[in-house]
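Each chain is listed here by its residues.
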Amino acid sequence: MRSFNIAVFAGDGIGEEITKPCVDILDQVISKVGGFKTKYEWLSAGAAYYLETGESLPQSSMDKARDADAILLSAMGLPDVRYPDGTEISPQIEIRMELGLYAGVRPVRAIPGIPPALFNPESHDLDFVIIRESTEGLFASHGKGEIINNKTATDTMVITRDVSERLFDFSLKLGQKRKAQGLSSTVTCVDKANVFKSFAFFRSIFNERAAGFSDIETNHMYIDATALNMVQKPHRLGILVTENMFGDILSDLGAGLIGGMGYAPSADIGDDNAVFQPCHGTAPDIAGKGLANPTAMFLSGAMMLSWLGEKHDFEPATKAGQMLQEAVDLAFSGGDLVTTELGGSAGTMDVYNAVSSALDTL
Ligand code: ATP
């Protein structure tokens, strides 16, 4: 039987609490669909591991992650655990850089039954995608910024032709897939090309690549106007492709539109590897209380199955990914499963039980 090796980083804070339920729900959907199985390798990394060992991402974990068919990661880092330079432990950023996971896919899809943040009636059917470049941009300065004479600090943004071309091609191809599914497919390059040379370069490469996709509508928007449009007219958006730091900020805004961080999944995809993890961090304020919403983690798991299905042209995995997303939608559709994040009482295991029961009925 076909088997996929999944590298799992349970991480820190609420990461540890949502990983096991996610693996259990993946096992449930996989055995329901049949035709394949997954083997999990639990790997060490993160802030707690750094406290114990002085290392945040051991080479052995990195090597095993690289060799796996896919990487499932919850969240890593704790505010009080820092490197000597004051920055937080963030192996997830190192993994993205090391494996060249340039396309950070952050779907902003309203789950039926979750009250939207906006009053606009159309925001009930939001379905757009942010593609955050995840290996360069301002984050290229991670660990490299400088403070000169305690008077001036600098961090440098890097935009390369090679990564930008692959990022835009990925986004334009996603536009084609969404168009075929009848979903909004306009691809918009989000930048600040009116002020920065690096963004003017980013935009010019976007135009070059877009010229090769005549079937897809394309557009440009400045980052400030994008923030406005995400609140005022989010239902008109298709795919927003942008630099790393802008994407980081916009994806939290996107999460806010669909109920909060606990509902926002993501995938960081490269040419050979991919990491699937919720958009949120380790949420130390609620860690250890059983309150974390595992929905974003479950949906990230669903994205992993769909990606495996597409990459290997293997229908059962695609089907399992779709079914898990359907089960999440079904669990919330009645409106009575209200997570603590939205003022209700449903904690991690309540959501797990509801999604698991929904799966049983599909
Ligand atoms: P990072 O910088 O690592 O992305 P962050 O500082 O943006 O992390 P998060 O850890 O994402 O912060 O938390 C932001 C807020 O969202 C916190 O109040 C946290 O409790 C809440 N939150 C995050 N994830 C969840 C979740 N899965 N369920 C419920 N609440 C969450």
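Residues numbered from 1 in each chain as written. Predicted model: local features only at pLDDT ≥ 70, side-chain atom pairs only at ≥ 80, totals over all residues. Heavy atoms only, no water.

## Examining helix H11 (residues 348-361)
So, point 1. Helix length check: H11 (14 residues) gives 21 Å between terminal C-alpha atoms against 20 Å at 1.5 Å per residue, within 8%.
So, point 2. Within H11 the residues assigned to the buried category are Thr348, Val351, Tyr352, Val355, Ser356, Ala358 and Leu359. Along the long axis of H11, the arc covered by the buried residues comes to 160°, so they all point the same way. For H11, exposure combined with an orientation more than 90 degrees from the buried face picks out Asp360 and Thr361.
So, point 3. The inward-facing, buried residues of H11 abut helix H1 (14-33), helix H9 (295-311) and helix H10 (315-333). (Helix = DSSP H or I, 4+ residues; strand = E, 2+ residues; numbered from the N terminus. Expected span 1.5 Å × (residues − 1). Buried < 20%, exposed > 50% of the residue type's maximum accessible area, 1.4 Å probe, protein only. Arc of directions from axis to C-beta. Contact = heavy atoms within 4.5 Å.)

## Considerations on the site of the ligand
So, point 1. As a matter of local geometry, the ligand sits amid Ile14, Met261, Gly262, His280, Gly281, Thr282, Ala283, Asp285, Ile286, Ala292, Asn293 and Glu341.
So, point 2. Ala283 is positioned such that a nitrogen or oxygen atom in its backbone is 2.8 Å from an oxygen atom of the ligand.
So, point 3. Measuring from an oxygen atom of the ligand, one finds a side-chain N or O atom of Asp285 at 2.8 Å.
So, point 4. Isolated, the ligand exposes 620 Å² of accessible area, and the fraction of that covered by the protein chains is 62%. (Near = heavy atom within 4 Å. Polar contact = N/O pair within 3.5 Å; in protein donor to acceptor, adjacent residues only side chain to side chain. Areas by Shrake-Rupley, 256 points an atom, 1.4 Å probe, with all protein chains shown as cover.)

## Topic: the pattern of salt bridges
So, point 1. Evaluated as defined, the whole model comprises 18 salt bridges.
So, point 2. Put simply, Lys20 and Asp24 hold a salt bridge, and the shortest N to O gap is 2.9 Å. Remark: Asp24 and Lys20 occur in helix H1; sequence separation between them is four residues, near one turn of the helix.
So, point 3. A relative accessible area of 47% means that Lys20 is categorised as partly exposed.
So, point 4. A single network of salt bridges, built from pairs that share partners, joins Arg161, Glu165, Asp169, Glu208 and Arg209. (Salt bridge = Lys/Arg side-chain N within 4 Å of Asp/Glu carboxyl O.)

## Things to note about the domain arrangement of the protein
So, point 1. Splitting the protein by domain gives domain 1 (1-107 + 261-362) and domain 2 (116-258).
So, point 2. Centre-to-centre separation of domain 1 and domain 2, based on C-alpha positions: 23 Å.
So, point 3. Surface buried jointly by domain 1 and domain 2 totals about 1900 Å² across both partners, of which 62% is contributed by carbon and sulfur atoms.
So, point 4. The three residues of domain 1 that bury the most area against domain 2 are Met97, Tyr102 and Arg106, which together make up 36% of that side's buried surface.
So, point 5. On inspection of domain 1 and its partner domain 2, the count reaches two salt bridges.
So, point 6. In this structure, Glu310 engages Lys177 in a salt bridge whose closest nitrogen and oxygen atoms are separated by 2.9 Å.
So, point 7. Counting every contact that joins domain 1 to domain 2 gives seven residue pairs in polar contact (both at pLDDT 80 or more).
So, point 8. Listing elements by their share of the side of domain 1 that touches domain 2, those giving two or more residues are helix H4 (91-99), strand S4 (103-109) and strand S11 (267-269).
So, point 9. Looking at side-chain class alone, the side of domain 1 that touches domain 2 contains eleven nonpolar, three polar and five charged residues. (Domains from an automatic or database assignment. Buried area = accessible area lost by both parts, 1.4 Å probe. Nonpolar A, V, L, I, M, F, W, Y, C, P; charged D, E, K, R; others polar.)

## Description of unusual backbone geometry
So, point 1. Of note in this structure, Asn149 is not a glycine but carries a positive phi near 55°.
So, point 2. Note that Asn149 resides in the loop between strand S6 (146-148) and strand S7 (152-154).
So, point 3. Its identity is not glycine, yet Asp313 carries a phi of approximately 50°, on the positive side.
So, point 4. With respect to the element layout, Asp313 can be found in the loop between H9 and H10.

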